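Examining the three-dimensional arrangement
So the chains spell out like this:
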Amino acid sequence: MLAELVAGALEDAAERQTERSLSAVETDALAQSPALDALSFLAPAEQLKIIAEVKRASPSRGSLAAIADPADLASRYAAGGAGAISVLTEGRKFLGSLADLEAVRAAVSVPVLRKDFIATEYQVLEARAAGADLVLLIVAALDQPTLVRLHEFIVQLGMTPLVETHDSTEVSRSVDLGARLVGVNARNLSTFELDPDLFGRLADRIPEGTIKVAESAVKTVSDVAHYRSAGADVVLVGEALVTGDDPVTTLKEFLSV
């Protein structure tokens, strides 16, 4: 599944590049206002931080929410206390777009994450041109030289990489990289099965001074509390917010942990 998602994302990026050249997107990226310092927004604190996600669909669950106005949803997240907003920009399985990212960036004053299957500099430049402050890098999708190169490129553009891991080997690769924001995704991107205890088993392998992000397997306040007690500084939440009746109330309940 992961290989299929990456291949699809690369095909779509290549198609966009035929309409908007690398030099053109680079010009747009460098013309953007400087990226927000996401590390300061998400730094460990007494209160847990939440990255709230704009997410219409997923490969495992199908359609989740229509989200006709992503900017409005993101504004409500920010008003409710979200430390950052994640925007799915993958279009085939997650039904997102760069236009969603641009709309959200214009609507909020907290950092915005481009969440996609990033494997090329072109996609990184697209993220910056759309106003992203953070870019997701999935360790399982990249060999180490590519991971290092893209991580350095993101930092050079003033953004923050969120380096996502799924096992101890990938955590070690993120440590070798010098990543300062490391996520542990409870969802196996090959099988899409969930393991809510994975973060707890891997958290001690992430060095002090690195911001630890727990991803996936969040439905209730107790799930958030489980991650917090295991050492999470930040929890990324998508489905539990977009599928509920009142995302802001749910967000505030999660932040109260």
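This one's a predicted model, so the numbers in the text were calculated from it and none came from an experiment.

**Regarding the pattern of salt bridges**
All chains considered together, the criterion is met by 14 salt bridges. Ionic pairing is found between aspartate 28 and arginine 20, a salt bridge with its closest N-O pair at 2.8 Å. Residue classification places aspartate 28 among the partly exposed positions, given a relative accessible area of 34%. The salt bridge involving arginine 201 is made with aspartate 195; its shortest N-O contact spans 2.5 Å.

**Considering the nonpolar core**
Counting 68 residues, the largest nonpolar core has Ile50, Tyr77, Ile85, Tyr227 and Val235 as its most contacted members. Top contributing element to this core by residue count: helix H6 (residues 121-129), with five residues. If we skip the residues at most four places from it in the chain, isoleucine 50 touches Ala82, Gly83, Ala84, Val235, Val237, Leu251, Phe254 and Leu255. Among the nonpolar cores identified, the runner-up in size contains 24 residues, and Leu42, Leu88, Phe117 and Phe192 belong to it.

**As for helix H5 (residues 98-107)**
Listed as buried for H5 are Leu98, Asp100, Leu101, Val104 and Arg105. When H5 is viewed along its axis, its buried side chains cluster within an angular range of 150° and face the same direction. If you follow the buried residues of H5, they end up packed against helix H1 (2-19), strand E1 (49-54), helix H4 (70-79), strand E4 (84-88), strand E5 (112-115) and H6. Regarding H5, its N-cap is serine 97, as a side-chain oxygen of that residue lies 3.3 Å from the backbone nitrogen of alanine 99 further along.

**Side note on the packing of aromatic side chains**
If you walk through the whole model with that rule in mind, you get two aromatic pairs. Plain terms: the ring middles of phenylalanine 94 and phenylalanine 117 are 6.1 Å apart, the flat faces sit at 40° to each other, and that makes the pair tilted. Placement of phenylalanine 94 in the loop between E4 and H5 and of phenylalanine 117 in the loop between E5 and H6 is noted, with a sequence separation of 23 residues between them. Note on phenylalanine 94: relative accessible area 9%, which makes it buried.

**Quick look at helix H8 (residues 168-177)**
What H8 keeps buried is the set Glu170, Val171, Arg173, Ser174 and Leu177. Looking straight down H8, one finds that the buried residues subtend no more than 160° of arc, so they occupy a single side. With respect to the buried face of H8, the exposed residues turned more than 90 degrees away are Thr169 and Asp176. Contacts from the buried residues of H8 go to helix H7 (144-156), strand E7 (160-165), strand E8 (181-185) and helix H9 (198-202). The positive-phi residue at the C-terminal boundary of H8 is glycine 178, with phi of around 80°.

Analysis parameters
Residues numbered from 1 in each chain as written. Predicted model: local features only at pLDDT ≥ 70, side-chain atom pairs only at ≥ 80, totals over all residues. Heavy atoms only, no water. Salt bridge = Lys/Arg side-chain N within 4 Å of Asp/Glu carboxyl O. Buried < 20%, exposed > 50% of the residue type's maximum accessible area, 1.4 Å probe, protein only. Core = buried A, V, L, I, M, F, W, Y, C linked by side-chain atoms within 4.5 Å. Helix = DSSP H or I, 4+ residues; strand = E, 2+ residues; numbered from the N terminus. Contact = heavy atoms within 4.5 Å. Arc of directions from axis to C-beta. Polar contact = N/O pair within 3.5 Å; in protein donor to acceptor, adjacent residues only side chain to side chain. Phe/Tyr/Trp six-rings, centres within 6.5 Å; stacked < 30°, edge-to-face > 60°.

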